[in-house]
Amino acid sequence: MTTVDENAVALIGLDARIQQMDQMLDRLLSDDDLAGPAVQALQIVEAAGRRGLRQCALAESVSLPAGTVSRLVDTLVKGDLVSRRPHPTDRRVTMLALTAAGGRRLDRRRADYGRLADALTPQAAEALRVVSPLLDLIAETLARSVKSEAA
């Protein structure tokens, strides 16, 4: 088997494992309708602070198409988790800010993940600390590949 074939098989296995973990987390966090991308979006908007975040910057940060992010933001706004406001100097730009309700919801979700983290064995916790940056590297590499193919 060539290296390319081995990498393809490894990516297939990784994709399957990620889907399994996503389904497990959905079951464990079933009392809350916030999906992973929504939680990620809330965290990114929160990190922007009171100044807010451009919606296009959010789309770049979550690596989703602008239309998908627009629908996601619509849902977050309807749920009073995020507010939209005009940019102070550029009327064409929409700024996003976390609402108080969004902050509380994000805090609850973090507490839920904290409880799950407490259930990890020491070996699983160490594996998580090691694998997380490696998964980031893989995701960044694949995102660059997709962008270069689209260009």
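Located above this text is the structure these notes cover.
**Student:** Help me understand the overall build of the protein chain, please; the structure alone is not making it clear to me.
**Tutor:** The number of helices and strands found in the protein chain is 6 helices and 3 strands. Projected onto the principal axes, the alpha-carbon positions of the protein chain cover approximately 55 × 45 × 20 Å. Considering the protein chain as a whole, with its 151 residues, one finds that 24% of them fall into the buried category. The contacts in the protein chain between residues at least 6 apart in sequence include a share of 52% that link residues at least 24 apart. Of the roughly 10700 Å² that the protein chain leaves accessible, carbon and sulfur atoms contribute 58%.

**Student:** How do you make sense of the nonpolar core when you look at a structure like this?
**Tutor:** In summary, soluble globular proteins display a tendency toward joint burial of nonpolar side chains. The biggest cluster of nonpolar side chains holds 19 residues, and the ones touching the most others in it are L34, L42, L58, V69, L76 and L96. Once residues lying within four places of it in the same chain are set aside, the contact partners of L58 are A41, I44, V45, L53, V69, V73 and L96.

**Student:** Would you take a moment to explain the pattern of salt bridges for this structure?
**Tutor:** In a structure, side chains of opposite charge can pair up when their charged atoms sit close to one another. Throughout the structure, instances matching the rule amount to 6 salt bridges. The partner of R110 in a salt bridge is D107, and the shortest N-O contact between them spans 3.6 Å. Taken together, the residues R110 and D107, both in helix α5 (residues 100–118) and 3 residues apart, mark about one turn of the helix. Measuring nitrogen to oxygen at the nearest pair gives 3.1 Å for the salt bridge that ties R129 to E126. Pair noted here: R129 and E126 are both in helix α6 (residues 122–150), with a separation of 3 residues, about one helical turn. Residue classification places R129 among the exposed residues on the basis of a relative accessible area of 54%. Here E126 falls in the partly exposed class, since its relative accessible area comes to 39%.

**Student:** Would you mind going over a nonpolar patch on the surface with me for this structure?
**Tutor:** On the surface, L11, I18, L120, L128, V130, V131, L134, L135, I138 and L142 cluster together to form a nonpolar patch covering roughly 770 Å² of accessible area. Secondary-structure elements contributing two or more residues to the nonpolar patch are α1 (3–28) and α6. When residues in the nonpolar patch are grouped by element, the largest group, 7 residues, is from α6. Owing to a relative accessible area of 42%, L142 belongs among the partly exposed residues under this scheme.

**Student:** Teacher, can you tell me more about α5 here?
**Tutor:** Since there are 3.6 residues in each turn of an α-helix, residues three or four apart along the chain are aligned in direction. Its 19 residues give α5 an end-to-end C-alpha distance of 27 Å, which sits within 8% of 27 Å, the value for a rise of 1.5 Å per residue. Contacts made by the buried residues of α5 are with α2 (36–48) and β3 (94–98).

**Student:** Explanation requested: unusual backbone geometry in the structure shown.
**Tutor:** Backbone geometry follows two general trends: most residues other than glycine have a negative phi, and most peptide bonds adopt the trans configuration. One non-glycine residue, D80, lies in positive phi territory at about 60 degrees. One can find D80 in the loop between α4 (66–78) and β2 (82–86). According to the relative accessible area criterion, D80 is partly exposed, its value standing at 44%.

**Student:** Help me out: how do you make sense of the sheet that holds β2 in this one?
**Tutor:** Two orientations exist for strands paired in a sheet by backbone hydrogen bonds: parallel and antiparallel. If you trace the 3 strands from one edge of the open sheet to the other, you get β1-β3-β2, paired in antiparallel fashion. Where the open sheet ends on each side, the last strands, each with one partner, are β1 (53–54) and β2. Bridge analysis of β2 against β3 gives 5 bridges, and the strand direction is antiparallel. The partner of R85 across the bridge, within β3, is M95. Sheet strands touched by α2: β1, β2 and β3. Its angle to β3, the strand with the most contacts, is close to 100 degrees.

**Student:** I tried to follow the pairing of β3 on my own but got confused; where do I start?
**Tutor:** Look at any regular strand and the pattern is simple: side chains alternate between the two faces of the sheet. Here 2 bridges tie β1 to β3, and the two strands are oriented antiparallel to one another. Paired with L53 across the bridge in β3 is L96.

So, how was this worked out
Residues numbered from 1 in each chain as written. Predicted model: local features only at pLDDT ≥ 70, side-chain atom pairs only at ≥ 80, totals over all residues. Heavy atoms only, no water. Helix = DSSP H or I, 4+ residues; strand = E, 2+ residues; numbered from the N terminus. Buried < 20%, exposed > 50% of the residue type's maximum accessible area, 1.4 Å probe, protein only. Contact = heavy atoms within 4.5 Å. Areas by Shrake-Rupley, 256 points an atom, 1.4 Å probe, with all protein chains shown as cover. Core = buried A, V, L, I, M, F, W, Y, C linked by side-chain atoms within 4.5 Å. Salt bridge = Lys/Arg side-chain N within 4 Å of Asp/Glu carboxyl O. Patch = residues over 30% accessible without salt bridge, like charges linked within 9 Å, V, L, I, M, F, W, Y side chains within 5 Å. Expected span 1.5 Å × (residues − 1). Pairing = 2+ DSSP bridges. Axes fitted to C-alpha atoms, helices over the stretch in contact; angles between N-to-C directions.

In short, geometric facts, not functional conclusions.
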